[in-house]
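Working through the structure, step by step
Each chain, letter by letter, is given below.
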Amino acid sequence: QVQLVESGGGLVQAGGSLRLSCAASGRSFSTYDMGWFRQAPGKEREFVAASTWSGSIPYYADSVKGRFTISREIGKNMVYLQMNSLKPEDSAVYYCAAKVRSRNDYNYWGQGTQVTVSS
């Protein structure tokens, strides 16, 4: 059974940093694309960042480029999201997600971790 568990969320002041972690289990994720999404209250879930299975091609939403970095430890089935220069508008529940390369949509999701950025 595939399981994704996020951690690392919390309350931080604007301009601060947080690192989210996602522990994947249930199979080898070496051939899976891994991503981060977020959902703020009253808004739709939106893409934040993703890493291809090899970890060599990260890509980001324009709103977080230059501030967030996605990384992964393939051998440990871990994915991270380093978030710097946080803004109040980054406040949301952050979700880790996974999909096989052949899929267009992410079909495995974690339970989410809350990030709150105070002004």
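Scroll up for the structure.
My aim in this report is to walk through the structure given alongside it, one point at a time.

Rules of the game
Every residue gets a number counted from 1 within its own chain, in the order that chain's sequence is written. Residue-level local features of this predicted model are given only where pLDDT is at least 70; pairs of side-chain atoms are given and counted only at 80 or more, and the full residue set underlies all totals for whole chains, interfaces and linings. Heavy atoms throughout the structure, all of them, feed into the side-chain values; hydrogens and water do not. Helix and strand definitions here come from DSSP, where helices need a minimum of 4 consecutive H or I residues and strands a minimum of 2 consecutive E residues; each element is numbered from the N-terminal end. Only protein chains enter the calculation, and the probe is 1.4 Å; a residue is then buried if its accessible area is under 20% of its type maximum, exposed if over 50%, and partly exposed in between. We treat Lys and Arg as the positive residues and Asp and Glu as the negative residues; His and chain ends play no part in the count. Basic side-chain nitrogens of Lys or Arg form a salt bridge, by our definition, when they fall within 4 Å of a carboxyl oxygen of Asp or Glu. N or O atoms within 3.5 Å of each other form a polar contact, as long as, within protein, one can give a hydrogen and the other can take it, and as long as residues adjacent in sequence are counted only when both atoms are side-chain atoms. For this analysis, residues touch if any pair of their heavy atoms sits within 4.5 Å. To define a nonpolar core, start from buried Ala, Val, Leu, Ile, Met, Phe, Trp, Tyr and Cys residues and group those joined through side-chain atoms within 4.5 Å. For two strands to be treated as a pair, DSSP must find at least two bridges joining them. For helices, the fitted line uses only the C-alpha atoms of the stretch in contact; every axis is such a line through C-alpha atoms, and the angle between N-to-C directions lies from 0 to 180 degrees.

As a further point, take the side chain of E6. Looking at the secondary structure, you find E6 in strand β1 (residues 3-7). Buried charged residue E6 carries no salt bridge. Nearest counter-charge: R45, at 8.5 Å. Of the polar contacts made by the side chain of E6, one reaches the backbone nitrogen of C96; its length is 2.8 Å. Within the structure, E6 has its side chain in polar contact with the backbone nitrogen of Q111 (distance 3.0 Å). Those residues in contact with E6 that sit more than four places away from it in its chain are S21, C22, W36, Y94, Y95, C96, G110, Q111, G112 and T113.

What follows is about the nonpolar core. In this structure, M34, W36, L81, M83 and Y94 are the most contacted members of the largest nonpolar core, which totals 29 residues. Elements supplying a minimum of two residues to this core: β3 (18-25), β4 (32-39), β5 (46-51), β7 (68-73), β8 (78-83), β9 (92-100) and β11 (113-118). In this view, Y94 contacts E6, L20, W36, F37, R38, V48, F68, L81, M83, G112, T113 and V115; residues no more than four positions away in its chain are not counted.

Regular strands show a simple pattern: their side chains alternate between the two faces of the sheet. The side-chain alternation of β1 yields one buried face, formed by L4 and E6, and one unburied face, formed by Q3, V5 and S7. Judged from the five bridges that link them, β1 and β3 form a sheet pairing that is antiparallel. Counted as the bridge partner of S7 is S21 from β3.

A few words now on the environment of K65. Structurally, the position occupied by K65 is in the loop between β6 (58-60) and β7. Within the structure, K65 has its side chain in polar contact with the side chain of D62 (distance 3.1 Å).

Judged by pairing direction, the sheet is antiparallel, and its four strands sit side by side in the order β1-β3-β8-β7 without closing on themselves. Every interior strand has two partners, whereas the edge strands, β1 and β7, have only one. Averaged over all pairs of adjacent strands, the angle between their axes in this sheet comes to 15 degrees, without regard to strand direction.

Take the pattern of salt bridges next. Two side chains bearing opposite charge may form a pair once their charged atoms approach each other closely. Overall, the coordinates contain seven salt bridges when judged by the stated rule. Residue K76 is joined to E73 by a salt bridge in which the shortest nitrogen-to-oxygen separation is 3.7 Å. According to the relative accessible area criterion, K76 is exposed, its value standing at 59%. Where D105 meets R103, a salt bridge forms, and the shortest distance between an N and an O atom there is 2.9 Å. Where salt bridges share partners, they join R38, E46, R67 and D90 into one cluster.

Moving on: the side chain of R67. Locating R67 in the fold gives a position in the loop between β6 and β7. Polar side-chain contacts of R67 include one of 2.7 Å to the side chain of D90. Ignoring sequence-local partners within four residues, the contact set of R67 consists of Q82, M83, N84, S85, L86, K87 and D90.

Geometric values such as these leave the question of function open.
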